[in-house]
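Report on the structure
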Amino acid sequence: MNRFPDLIRKYAFKHPEKKATHFEGRDFTYAQFRDRIQGMGQVLVNHGVNPGDRVAYLGQNSHWLVEMYYAPCVVGGILVPLNYRLSEDEMVEVIADCTPEVLIVDRHFVPRAAALMQRCPSLKHLIFADWDADAADLPAGTPSYDALVEAVGPIADDAFEDRASDSNDTMIIFYTSGTTGVPKGVMLSHANLLANATGSGHLYGYVDTDVLLLSGPLFHLGTGSRVYTAIAYGTTMVIQPRFEVLETMQIIQDQRVTTMTLVPTMLRMIMDHPQFGDFDFSSIRCLTYGASPMPVALMERAIAAIPGVVFCQGYGMTETSPVLTVLTPADHVPGNPMIGKLGSVGKPVIYGDLRIVDENDNPVPTGQSGEVIIRGPQVMNGYWNRPEDTAHAMRGGFYHTGDAGFLDEDGYLTLVGRTKEMIISGGENVYPIETENALTKHPAVAQAAVIGVPHEKWGEMVYGVVALQDGKTTTEAELIAFCREKIADFKAPRGVTIWDGPLPLSPTNKIDKKAIREVVLSDRKER
Ligand code: ATP
Ligand code: MG
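Parameters and conventions
- Residues numbered from 1 in each chain as written.
- Chains lettered and ligands numbered in written order.
- Predicted model: local features only at pLDDT ≥ 70, side-chain atom pairs only at ≥ 80, totals over all residues.
- Heavy atoms only, no water.
- Helix = DSSP H or I, 4+ residues; strand = E, 2+ residues; numbered from the N terminus.
- Rg over C-alpha atoms; globule rule 2.2 N^0.38 Å.
- Buried < 20%, exposed > 50% of the residue type's maximum accessible area, 1.4 Å probe, protein only.
- Contact = heavy atoms within 4.5 Å.
- Areas by Shrake-Rupley, 256 points an atom, 1.4 Å probe, with all protein chains shown as cover.
- Pairing = 2+ DSSP bridges.
- Axes fitted to C-alpha atoms, helices over the stretch in contact; angles between N-to-C directions.
- Near = heavy atom within 4 Å.
- Polar contact = N/O pair within 3.5 Å; in protein donor to acceptor, adjacent residues only side chain to side chain.
- Nonpolar A, V, L, I, M, F, W, Y, C, P; charged D, E, K, R; others polar.
- Right-handed = clockwise from strand over helix to strand, strands pointing away.
- Domains from an automatic or database assignment.
- Expected span 1.5 Å × (residues − 1).
- UniProt positions renumbered as here; feature names shortened; annotations may be inferred.
- Phe/Tyr/Trp six-rings, centres within 6.5 Å; stacked < 30°, edge-to-face > 60°.
- 1 Å grid on protein atoms, 1.4 Å probe; cavity = no way out; pocket = protein on both sides within 12 Å on 5 of 7 lines; lining within 4 Å.
- Points joined across faces, edges and corners; volume = space filled by probe spheres on them.

1. Examining the overall build of the chain
In terms of regular secondary structure, the chain is built from 16 helices and 25 strands. Taking 2.2 N^0.38 as the reference for a compact globule, 527 residues should give roughly 24 Å; the C-alpha atoms of the chain span a radius of gyration of 23 Å, in line with that estimate. Structurally, the chain occupies a C-alpha span of about 70 × 50 × 45 Å along its principal axes. Here the chain holds 527 residues, and the buried ones make up 58% of them. Contacts in the chain between residues at least 24 apart in sequence constitute 68% of all its contacts with a sequence separation of at least 6. As presented, the chain carries roughly 21100 Å² of accessible surface, and 51% of it is formed by carbon and sulfur atoms.

2. Thoughts on the sheet that holds strand 15 (residues 347–348)
Here nine strands make up an open sheet; going across it, the order is 2-1-10-9-11-12-13-14-15 and the pairing mixed. Here the strands that pair on one side only, and so sit at the sheet edges, are strand 2 (26–29) and strand 15. Helix-sheet contacts for helix 2 (residues 30–46) involve strand 1 (19–23), strand 2 and strand 10 (236–239), and the interaxial angle to strand 2 is about 90 degrees.

3. Comments concerning the site of ligand 1
Around ligand 1 sit 21 residues in total, of which Thr 176, Gly 178, Thr 179, Thr 180 and Thr 318 are the nearest. Note that an oxygen atom of ligand 1 is positioned 2.7 Å from one of the side-chain N or O atoms of Lys 510. For the shell around ligand 1, the secondary-structure elements that each account for two or more residues are strand 13 (310–316) and strand 20 (413–418). The element best represented in the shell around ligand 1 is strand 13, accounting for four residues. Residues belonging to the shell around ligand 1 are distributed by class as follows: six nonpolar, twelve polar and three charged.

4. A closer look at the pairing of strand 24 (residues 459–468)
Among the ten residues in strand 24, seven count as buried, and that is most of the element. Counting the residues that bridge the hairpin from strand 23 (residues 445–455) to strand 24 gives three residues. Note that strand 24 and strand 25 (residues 495–498) share four bridges and pair parallel. Considered in strand 25, the bridge of Tyr 463 is made with Gly 495. Chirality of the crossover, the property in question, places the unit of strand 24, helix 15 (residues 476–486) and strand 25 among those that are right-handed.

5. A look at the sheet that holds strand 17 (residues 370–375)
With antiparallel pairing, four strands are arranged side by side in an open sheet as 16-17-19-20. Of all the strands in the sheet, the pair left with one neighbour each is strand 16 (353–357) and strand 20. Direction aside, the axes of adjacent strands within the sheet are offset by 45 degrees on average. Both strand 17 and strand 19 (residues 399–407) contribute to a ladder of four bridges, which runs antiparallel. Among the inter-strand pairings, Glu 371 is bridged to a residue of strand 19, identified as Ala 404.

6. Remarks on the domain arrangement of the chain
Along its sequence, the chain is organised into domain 1 (1–166) and domain 2 (422–526). Between domain 1 and domain 2, the C-alpha centre-to-centre distance is 43 Å.

7. Some words on helix 2
Between its first and last C-alpha atoms helix 2 spans 24 Å; for 17 residues at 1.5 Å apiece the expected length is 24 Å, and the two agree. Along helix 2, twelve of the 17 residues are buried, which leaves the element largely enclosed by surrounding structure. All of the buried residues in helix 2 are Tyr 30, Ala 31, Phe 33, Arg 34, Arg 36, Ile 37, Gln 38, Gly 39, Met 40, Gly 41, Val 43 and Leu 44. At the exit of helix 2 stands Gly 48, carrying a positive phi of roughly 85 degrees.

8. Topic: the side chain of Asn 192
Within the element layout of this structure, Asn 192 appears in helix 8 (residues 190–204). Residue classification places Asn 192 among the buried residues on the basis of a relative accessible area of 4%. Of the polar contacts made by the side chain of Asn 192, one reaches the backbone oxygen of Val 379; its length is 3.1 Å. Apart from residues lying up to four places away in sequence, Asn 192 is in contact with Met 187, Ser 321, Pro 377, Gln 378, Val 379, Met 380 and Asn 381.

9. Focus on the UniProt feature "domain: AMP-binding enzyme C-terminal" (unreviewed entry) in the chain
Within this structure's numbering, the places UniProt gives as "domain: AMP-binding enzyme C-terminal" (unreviewed entry) are residues 434–510. Note that residues 434–510 is 25% helix and 32% strand, and that its end C-alpha atoms are spaced 17 Å apart.

10. Some points on the packing of aromatic side chains
All chains considered together, the criterion is met by 16 aromatic pairs. Aromatic pair Phe 23 and Trp 131: ring centres 6.1 Å apart, planes at 15 degrees, arrangement stacked. Taken together, the residues Phe 23 in strand 1 and Trp 131 in the loop between strand 6 (125–128) and helix 7 (145–152) connect sequence positions 108 residues apart. The class for Trp 131 is partly exposed, based on a relative accessible area of 39%. Seen in terms of ring centroids, Tyr 84 and Phe 219 are 5.1 Å apart; in terms of plane orientation they differ by 85 degrees. Their pairing is edge-to-face. Residue Tyr 84 is located in the loop between strand 4 (78–81) and helix 5 (88–98), and its partner Phe 219 is located in the loop between strand 9 (211–214) and helix 9 (221–233); the two are separated by 135 residues in the primary sequence. Here Tyr 84 falls in the buried class, since its relative accessible area comes to 9%. The buried category is assigned to Phe 219, whose relative accessible area is 4%.

11. What to know about the layout of surface pockets
Take a probe with the size of a water molecule and roll it over the atoms, and the empty space left behind shows itself. Of the voids in this model, the second largest pocket is the one considered here, and its volume is about 560 Å³. Lining the second largest pocket are 28 residues, with Leu 86, Glu 90, Ser 177, Gly 178 and Pro 183 positioned closest to its centre. Of all elements in the fold, only helix 5 and helix 16 (513–526) reach the threshold of two or more residues within the lining of the second largest pocket. Residues belonging to the lining of the second largest pocket are distributed by class as follows: eleven nonpolar, nine polar and eight charged. Structurally, the lining of the second largest pocket is a two-domain feature, drawing no fewer than three residues from each of domain 1 (1–166) and domain 2 (422–526).

The following block contains the structure:
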């Protein structure tokens, strides 16, 4: 029972009629879900997929993609969900890295898939996973997912025992966000993802009656990990093709959604929407958030604006399946003694041995910042095709996160930034998060990003970039003075750019500091 298909079979036996997935008016019960996954397993075998082979998926969220999280591993294959926001050249690079033979595409990316079939020598078969294969302008002879599954008919639960992947085998490869470099393929096993599902799920308070909304992109583990949690707990998954704020609020109301995962940007978009107050959110039990820093001011606003809902934060990364620490619902309740920890990311999950070390991997005292490292069953099998990067990240048997933070006396972790983003200004170490939190406390500021820019005298200087709330104004001087009241002078920005419109976002909706840095540096050069 330590492989996901076994869990699906268990629920198909226990409550065959229970709804497993809901997508655009199409529902599948757990019995149908099992049958479709096993049927697709046979289809993949028919297309030449052998144990260890990769299968790529290019599409928005759908029940087909959720099924594909499990179908390849039934026959020993490995899913690679492609980030559809990548350019064609970037996708060609990812496919050249993981060399899948089968590509599955939905209606949104048919021309792109046709181009990839031409350009990527590894790709041999294209399958169309969507409503109407006849209506789509597909390359000749492209079969439809549903027709293929229907044609193979029912498959016995133990049909593929000789080739199914084992608990420790890689079942999926997720590419990282590429925030700090090129995206790397992270190999995750059933055991990794189960350790995450159970190790974080009990803190999120998951129960089998939950109705889980999947809105964030399923090519990213932030939302993807919930597809595993759902199976660990046997919940119903409601799938939205992509986050669209108005539609998301409508789905929450109509489907009586009880829980979902948001990145801070999505939460802000929901609360800022003019129709925010018109929807019934009373079904929601818990909203979980994570993936990028949550400004304390935004969280405080959300707690006040959505009463009756508990919040829960997860911190983690693709390499750790992903959750390392959780700030629990109790930590978000006003009046709770731990409410003062809102700026932290909570305490380590039970399966993690989490430590803070200096640049020589020596432990630092409580309260002192250093790199976050971890070992535990949720740590990846390694980076695909990158043994040197794997060895470097895993030195001493601990995964090195590249995030900097400190643990307090109560065991709560506070992140201060990425080790690579640390700004050294006049000999002082400054991590962007503290400065960003100060800037977002200003009533006119909606979003803030802080970077280090080269400076003759100080080496680097702390530089802020902000997007303003609709209709509000402020000045560079006012923002600098405001920060100096809140934090030490050396942490306050020396310069601020007021950005025109919202800050640019990376493909996984994180604030794109690489893009911001380029603009700031070229602007400063021109001046
Ligand atoms: P790459 O590894 O390619 O540079 P990435 O690290 O952004 O990109 P992900 O695995 O998607 O790729 O993101 C993990 C990172 O996101 C963490 O290392 C951390 O910096 C940040 N993060 C995740 N959760 C939180 C959180 N709750 N608060 C603050 N930061 C978070
Ligand atoms: Mg990373």
